[in-house]
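What follows is each chain in one-letter form.
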Amino acid sequence: MLRVSGLPFLPGNTFRDIHQKQFHKSQHFEKYKGECILAERPKPGIGGRPLTTHVDTRQFSFYPPRYGPKAPAWIANDKKVLCFYGYFKEILHDIAKIPYQVRRVKILFYLEDGSMQVSEPRTLNSGIPQGCLVTRQRIPRHRSRSEFVDILDIKVGESLILFDRTYFLTGCDKFTRYYLNNAGISVPDNIDPPSDPTEQLRIAEKAAALPKQPSVTFDNLAKFLENDRKVLRFAGYWDDRDSEFGDVHHLEVLYHLSDDTIEIKWKLPPNSGYNSNGMFLKRGKLPKNLDRLPKPGEVAPFTVLNVLGKGLRGGRYIMDCLDTGSNTIQYYHERDLQIGAEINVLGRRVHLTSCDEFTQNYYRKKYGIENFTPEYNPAIGRNDNKPPERQLPPFNGWGTHEDSEGNCKTVEPKPPQRDFVKFFKYDGYILRFGARLISKIKENNERAFIILYYLDDDTISVYEVGLRNSGFLGGEFFKRSKIYLPGQNWLSETRPKAYAANDFFLGQKINLRDHIFAVISADKFTLNFMEKNPHQFIFANIELIMQKIRENLRPVYKDFIAKYLSRVHTEEIAGKNVSLICFEDFKEMIIELLGANVVEHEIVTLCRHFSAETEVKVPFDKEVIRSAVHAELFRALWDDKKNIRPHIYHLKPDHGGWLSQKMLISVIRACKLPFDKALIEKLISVLNKDAEGNVDLDDFEQFLDPIKYPSHPVPPLNVKRDVHQFKPFTVAGKLIDWDAFLQEIDLEEDLKNLTG
């Protein structure tokens, strides 16, 4: 299409070229060494004539030939923008005092394509439209149609004409100065823009104007910053039983230290029937004596005087320094609140009965008050409309007690909910005990069993250990289920009690479904768990055991100790001479001292506590654990290895190939690897670790890849029974630290005081 000169570029002012035979679209991209890049040179036009319209024929470069960047400009200069600061003057014809106003702008030059953008920072309440003045585009030079503004035309300290508007450049940012200096272009220092006459006039008018009201400021910022979110909390009540349908109301009084305001909330019991949102008094300053409600504007922080009289336009007001017309109102302060005090809440007497711990510490530190004994609050427990406990029908024997209770409590049957808090806390924690069967049949007394107690849901399972030539096959004896105590009425309305974890200890005879088992051993994990929770397992509480020994040994201390001194021998351990006694003699001494008042578990706890031998950990076979891991993966058909690395990166992006053991257990649980807790512990124990105990992720992934890193074939196995075999803790032949035992008893000083 040809354009007729002198006519605007509008539809109808262009004519078709009759010599044009090809109608190809202009080429913007070309291939260079197999890559598609933006064409930088203009292509020949129709009939061999160059297309010079809107094409910048001026070529320039900051670099010498063959020394510039090899990548095209739209790649080398991607996201590189030069920022210049400037201003332009806008003529104001309607305002006589101000001939012009100065408007500051920011000019952006995009290096990737040479486009520019002009914007004006927004100013609040300026009254003029601000923001983007010139959208991003290539701007032609002044009075030129084929050339565009480039970097060489933008100079700090000089003017720039863009679309017939003159901008004066005052400076640039640090990146622009650094970029131009590296390119060999000298950039002058930034200069300050001229002041705006409109701003000067506005400031002068504001300073000359007389205030219509006195300017008084109250500096409460320091108090607010110091006491923000600090609240004194009191409990109290309001006795309204003298009025008709009155009652005793339970209230909570909150005193905000940041602004000395009081807020009172109404502690409504459930289903109370009161039509209230729980707010008794809205937050604000509470006056001590209130005769009447103040009129609007009567309560003010200061008093003003009109010195020019009444009815004059633009009167002059000043503040009354004597404050003669003010009404002094006394408000409740923090020192007026204490336990036993009575406050007047707009005519309602509220009695304070107690306060929280923060309030006690605040008054104890600031006012030295020590007595915080709470008083009787008649409102507590008065309006608790708790429904009586529902009487359930007797259990009919179908299903479980939990299921039957759910059917009786609701119309819509719902499955019983498990204790998820207990599940997450004790998931994978299993107490293992060795036991033997007690029976009138002689052959049954030789059978060995393993009792597993699951702490996450209080269920029990029993496995029989197969012995050679015993005539009994090993395997599952009782399935995992909840076992209840014997001798209870099974068909009663109350739920029968089940066995708890503290019912199992060494030396205990326990009845499981009419089978009597004698608990004779336990593994190390079970003993360690009991000793770490002595409040739950009293026979593993070393303090209670030592207190019982101390009370029985005090009358016969010297004679009893002298009796067993002949069995004590001295050995050198870690360069020190230590007095030792074997476990058999130590057990005999404890049984002789306590008699029937001691159980086997207490003796084992004493032996473990005063043991003089260091435990030697035998390393696990890495290939056996690998075989067990691969067997579990094949059994569960697990194939989600590709999501392990993204999950690890989500938890710790900068892991560096190492991860802590605790975080690795979280990854195993999150990726749903079919491993139980015991197998996870043994897997972590054989993985490669650094000095800090972090696990090597490459070694961990090799364990989860049975195709690339195959293991030795193993027959189908039961992980809990075959891999994590029950290894009872034995104390036979152990040596006891005799000196540590006597030092723990600590009866020498008591005997000296008695004899002295």
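Residues numbered from 1 in each chain as written. Predicted model: local features only at pLDDT ≥ 70, side-chain atom pairs only at ≥ 80, totals over all residues. Heavy atoms only, no water.

Participant: Got a sec to walk through the overall build of the protein chain? Specific residues and values, please.
Facilitator: Each helix and strand counted, the protein chain has 20 helices and 29 strands in total. Of all 756 residues assigned to the protein chain, the portion counted as buried reaches 35%. Across the protein chain, contacts joining residues at least 24 apart in sequence account for 57% of those joining residues at least 6 apart. (Helix = DSSP H or I, 4+ residues; strand = E, 2+ residues; numbered from the N terminus. Buried < 20%, exposed > 50% of the residue type's maximum accessible area, 1.4 Å probe, protein only. Contact = heavy atoms within 4.5 Å.)

Participant: Any details on unusual backbone geometry? Residues and values, ideally.
Facilitator: One non-glycine residue with positive phi stands out, namely Lys79, at about 65°. Turning to its location among the elements, Lys79 is positioned in the loop between helix H1 (73-76) and strand S5 (81-91). Under the relative-accessibility criterion, Lys79 is labelled exposed at 76%. Residues other than glycine seldom take positive phi values, yet Phe245 does so here, at roughly 60°. Within the secondary structure, Phe245 sits in the loop between strand S11 (231-239) and strand S12 (248-256).

Participant: Explain helix H5 (residues 357-366) to me, using residue names and the numbers behind them.
Facilitator: Residues Thr359, Tyr362 and Tyr363 constitute the buried set of H5. All buried residues of H5 lie within an arc of 90° about the axis, which places them on one face of the element. In H5, those exposed residues whose orientation departs by more than 90 degrees from the buried face are Glu357 and Lys365. In this structure, the buried side of H5 is in contact with S11 and strand S18 (348-355). Count one or two residues on from H5 and you reach Gly368, which has phi positive near 75°. (Arc of directions from axis to C-beta.)

Participant: Requested: an account of the confidence of the model for the protein chain, with residues and values cited.
Facilitator: With 82% of its residues at a pLDDT of at least 70, the protein chain reaches an overall mean of 81. Note on residues 42-60: pLDDT is under 50 here. Beyond four places in sequence and across chains, it has 24 contacts. This stretch, residues 719-724, has a pLDDT under 50; its non-local contacts, to residues over four places away or in other chains, come to 14 contacts. (pLDDT = per-residue confidence, 0-100.)

Participant: Describe the pattern of salt bridges, naming the residues involved and giving the relevant values.
Facilitator: A full pass over the atoms with the stated rule returns 32 salt bridges. Between Asp336 and Lys288 there is a salt bridge; the shortest N-O distance is 3.1 Å. Of this pair, Asp336 sits in the loop between strand S16 (317-319) and strand S17 (342-345) while Lys288 sits in the loop between strand S14 (279-284) and strand S15 (304-306), and the two are 48 residues apart along the sequence. With relative accessibility at 24%, the residue Asp336 sits in the partly exposed group. A salt bridge links Arg626 to Glu623, with the nearest nitrogen and oxygen atoms 3.5 Å apart. Note that Arg626 and Glu623 are positioned in helix H13 (residues 622-636) at a spacing of 3 residues, about one turn of the helix. One network of salt bridges, with partners in common, ties together Arg141, Glu147, Asp150 and Asp153. (Salt bridge = Lys/Arg side-chain N within 4 Å of Asp/Glu carboxyl O.)

Participant: Residue-level account of helix H16 (residues 677-686), with values.
Facilitator: Judged by how many residues are buried, H16 sits mostly within the fold: 7 of 10 residues are covered. When we look at burial in H16, the residues that qualify are Ala678, Leu679, Ile680, Lys682, Leu683, Ile684 and Val686.

Participant: Any details on the sheet that holds strand S25 (residues 569-573)? Residues and values, ideally.
Facilitator: Overall, antiparallel pairing links the 3 strands, which are arranged S25-S26-S29 in an open sheet. In the strand order of this sheet, the two ends are held by S25 and strand S29 (735-737), each with one partner. Each strand of the sheet is rotated relative to its neighbour by a mean of 50°, with strand direction disregarded. Inspection of the sheet shows strand S26 (residues 576-582) paired to S29 by 3 bridges, in the antiparallel sense. Paired with Cys582 across the strands is Leu735, a residue of S29. Across the face of the sheet, helix H11 (residues 583-594) comes into contact with S26 and S29 while running at roughly 65° to S26. (Pairing = 2+ DSSP bridges. Axes fitted to C-alpha atoms, helices over the stretch in contact; angles between N-to-C directions.)

Participant: Now, about the sheet that holds S11: what can you tell me, with residues and values included?
Facilitator: The pairing of strands in a sheet happens through backbone hydrogen bonds and is either parallel or antiparallel. Pairing in this open sheet of 6 strands is antiparallel, and the strands run S14-S13-S12-S11-S18-S17 from one edge to the other. The open sheet has two edge strands, S14 and S17, and neither has a second partner. Across the sheet, the mean angle separating the axes of adjacent strands is 30° when strand polarity is ignored. Direction of pairing for S17 relative to S18: antiparallel, over a ladder of 4 bridges. Bridge pairing in S18 places Val345 opposite Arg348. Most of the contacts of H5 go to S11, to which it runs at about 110°, and overall it touches S11 and S18.

Participant: Break down the packing of aromatic side chains for me, citing the residues and quoting the values.
Facilitator: How two aromatic rings sit relative to each other is set out by the distance from centre to centre and by the angle between their planes. What the rule picks out here adds up to 30 aromatic pairs. An angle of 75° between the planes, with centres 5.5 Å apart, marks the rings of Phe88 and Tyr167 as edge-to-face. Here the residue Phe88 occupies a position in strand S5, and Tyr167 occupies one in strand S10 (residues 165-172), the gap between them amounting to 79 residues. By relative accessible area, Tyr167 is classed as buried at 1%. Between the aromatic rings of Phe477 and Phe478, the centroid separation amounts to 4.8 Å while the plane-to-plane angle is 45°, which identifies the pairing as tilted. By relative accessible area, Phe478 is classed as buried at 8%. Members of the aromatic cluster, connected to one another through ring pairs, are Tyr426, Tyr429, Phe525, Phe529 and Phe537. Cation over ring: Lys285 sits above Tyr331, and NZ or CZ is 5.8 Å from the ring centre. Across from the ring centre of Phe703, 4.3 Å away, lies the NZ or CZ of Arg626, which sits over that ring. (Phe/Tyr/Trp six-rings, centres within 6.5 Å; stacked < 30°, edge-to-face > 60°. Lys NZ or Arg CZ within 6 Å of the ring centre and 35° of its normal.)

Participant: Report on the pairing of S10, specifying residues and quantitative values.
Facilitator: Here S5 runs beside S10; their pairing, made up of 4 bridges, is antiparallel. Bridge pairing in S10 places Gly86 opposite Leu169. In the sheet, strand S9 (residues 159-162) pairs with S10 via 4 bridges, with the strands oriented antiparallel. Residue pairing across strands places Ile161 opposite Thr166, the latter belonging to S10.

Participant: Can you break down the packing of H11 against helix H12 (residues 600-609) residue by residue, with the values?
Facilitator: Relative to each other, H11 and H12 sit at 130°, their axes nearing to 11 Å. By the angle between their axes, H11 is oblique relative to H12. Between H11 and H12 the crossing geometry is right-handed. For the pair H11 and H12, the contacting residues are Phe583, Phe586, Lys587, Ile590 and Ile591 in the first and Glu600, Ile603, Leu606 and Cys607 in the second. (Parallel < 35°, antiparallel > 145°, perpendicular 65-115°, else oblique. Left-handed = near helix turned anticlockwise from the far one by under 90°.)

Participant: Just give me the short version of a nonpolar patch on the surface, but keep the residues and values in it.
Facilitator: Side chains of Leu221, Phe224 and Leu225 sit close together on the surface and give an oily, nonpolar patch of about 320 Å² of accessible area. For Leu225, the position within the fold is in helix H4 (residues 221-227). (Patch = residues over 30% accessible without salt bridge, like charges linked within 9 Å, V, L, I, M, F, W, Y side chains within 5 Å. Areas by Shrake-Rupley, 256 points an atom, 1.4 Å probe, with all protein chains shown as cover.)

Participant: Outline the nonpolar core, supporting the account with residue identities and numerical values.
Facilitator: Core analysis: the biggest nonpolar cluster contains 57 residues, and Ile451, Leu512, Phe517, Ile549, Ile590, Leu606 and Phe741 have the highest contact counts within it. Per-element accounting of this core gives the leading share, 6 residues, to H11. When residues no more than four places from it in sequence are discounted, the contact partners of Ile549 are Ile590, Leu593, Leu594, Leu606, Phe741 and Ile745. Among the nonpolar cores identified, the runner-up in size contains 25 residues, and Val629, Trp638, Leu697 and Phe703 belong to it. (Core = buried A, V, L, I, M, F, W, Y, C linked by side-chain atoms within 4.5 Å.)

Participant: Hey, could you go over the environment of Val350 for me, with residue numbers and the actual values?
Facilitator: Assignment of secondary structure puts Val350 in strand S18. Sequence spacing of Val350 and Glu252 is 98 residues, and the spatial spacing of their C-alpha atoms is 10.0 Å. For Val350, the residues in contact, after removing those within four places along its chain, are Tyr237, Trp238, Leu251, Val253, Ala341, Glu342, Ile343 and Val345.

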